[in-house]
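# Working through the structure, step by step
The residues making up each chain are set out below.
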Amino acid sequence: MPVDSPAAVNDHPRWHAEISIAIAAARAGAAAIMPVYDAAGGFVATSKTDGSPVTAADLASDAEIRRVITAAFPDDGLLTEEGLDEVSRLSRSRVWIADPLDGTAEFVARNGDFDVFVGLTVDGVPAVAAACHPPTGHLIYAASGEGAWQIGRDGQPERITLRASAGSPRVFTSPYFGAPAIVPALESALSTMGVDHVATIGPGFHPRHFVPETGGPPRFDVFIAGVTEGWMAGGEWDAVVTDLIVREAGGGFSDLWGEPLQYNKRVARNIHGYVATVEPRLHLEVLAALRAFRPAMKPPVPEQ
């Protein structure tokens, strides 16, 4: 399935097919979401076994993503938040990881702050990523070693290069990743950097938070995902796309100990939190400051 603008992938010969399919899958998922979002009378959210909400839009997007990916790469593994977790993915080198609707609670609240994430990992490392914002169609994508891009309103790709805002770093976290319980400890740890406030936003972390569509500085400079107990920070589908986009745009992304996240694990969760920043120097400063926040040693990985 071609993308709307072939120029968006012509400069990426290594990942041309994969980028095209990631973009097509993310857009197909977004297209399936919007009729539900716009429907007269709204929609009904039900609860999954973990208590999180799911709607018909999540399931419709999941079906479209699966359709696009399996038609193009039937031999690749596939893991989505809403789909059955098939253990066969563990024996595959190439595994697609997708969140069909990241921000279901925001979708239900009708505030427009939700996205579709589609990523490809190779041997547990992010290789290709696409994020689509259904209400606007704004699309961001990245490929390993080939940079991060957004598709502008004119349909042409624009290279993304992250840069820090002026003054003290703007730091945020989310209720999905430990707030408000962790905020006082984060503010205490980061005070050595001149940070006196850690903001809490409603949704999780989307690439749009670092890469605003209109250009200019990001809304925030640092995102921290950590919890006070268990050190579990969401599913792999929550992080894999933003991980690659941020790093390919010149930022930093690691767990709270500075190590890269691994994907396609047997338990598909981000075990040791993560930190995203708009530049490597800032990333090192944040990690150094977080020594006062995190345990001296990594907590053990939960039984799998």
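See above for the structure.
Read on for an overview of the structure.

## Looking at the packing of aromatic side chains
Tallying each qualifying case throughout the model produces 13 aromatic pairs. Between the aromatic rings of Phe177 and Tyr274, the centroid separation amounts to 5.7 Å while the plane-to-plane angle is 65 degrees, which identifies the pairing as edge-to-face. Remark: Tyr274 occurs in strand S14 (residues 274-277) and Phe177 occurs in the loop between strand S10 (171-173) and helix H5 (183-190); sequence separation between them is 97 residues. By relative accessible area, which is 1% here, Tyr274 ends up buried. Between Phe223 and Tyr274, the aromatic rings sit 6.0 Å apart at their centres with planes inclined by 40 degrees, giving tilted as the arrangement. In this pair, Phe223 sits in strand S12 (residues 222-225) while Tyr274 sits in strand S14, placing the two residues 51 residues apart along the sequence. Put simply, the rings of Phe172, Phe177, Phe205, Phe210, Phe220, Phe223, Phe253 and Tyr274 touch in pairs and so form one group of aromatic residues. A cation sits over an aromatic face here: Arg94 above Phe73, 5.0 Å from the ring centre. It is Arg110 that lies over the ring of Tyr37; its NZ or CZ is 4.7 Å from the centre.

## Observations concerning unusual backbone geometry
Where the residue is not glycine, phi is negative for most of them; where a peptide bond is considered, it is trans in most cases. Following Ala179, the chain continues to Pro180 via a peptide bond in cis, the omega torsion being 5 degrees. For Pro180, the location among the structural elements is in the loop between S10 and H5. Of note in the backbone geometry, Asn264 takes a positive phi value of approximately 60 degrees without being a glycine. Relative to the elements of secondary structure, Asn264 occurs in the loop between strand S13 (252-254) and S14. Judged by its relative accessible area of 13%, Asn264 is buried.

## Quick word on the side chain of Thr173
Locating Thr173 in the fold gives a position in strand S10. The class for Thr173 is buried, based on a relative accessible area of 0%. The contacts of Thr173, once residues within four sequence positions are left out, are Ala179, Ile182, Val183, Leu186, Val198, Ala199, Thr200, Ile201, Phe223 and Ile224.

## Some points on helix H2 (residues 16-38)
Given a rise of 1.5 Å per residue, 23 residues ought to cover 33 Å, and the 33 Å separating the end C-alpha atoms of H2 matches this to within 8%. Among the 23 residues in H2, 17 count as buried, and that is most of the element.

## Focus on the sheet that holds S13
Strand order in the open sheet formed by five strands is S11-S10-S12-S14-S13, and the pairing between neighbours is mixed. The sheet is open, and its two edges are formed by strand S11 (198-200) and S13, each paired on a single side. Direction aside, neighbouring strands of the sheet carry axes that sit 20 degrees apart on average. As defined by bridge partners, S12 adjoins S14 across four bridges and the pair is classed as antiparallel. Within the sheet, the bridge partner assigned to Ala225 lies in S14 and is Tyr274.

Quick notes on the rules
- Residues numbered from 1 in each chain as written.
- Predicted model: local features only at pLDDT ≥ 70, side-chain atom pairs only at ≥ 80, totals over all residues.
- Heavy atoms only, no water.
- Phe/Tyr/Trp six-rings, centres within 6.5 Å; stacked < 30°, edge-to-face > 60°.
- Helix = DSSP H or I, 4+ residues; strand = E, 2+ residues; numbered from the N terminus.
- Buried < 20%, exposed > 50% of the residue type's maximum accessible area, 1.4 Å probe, protein only.
- Lys NZ or Arg CZ within 6 Å of the ring centre and 35° of its normal.
- Contact = heavy atoms within 4.5 Å.
- Expected span 1.5 Å × (residues − 1).
- Pairing = 2+ DSSP bridges.
- Axes fitted to C-alpha atoms, helices over the stretch in contact; angles between N-to-C directions.

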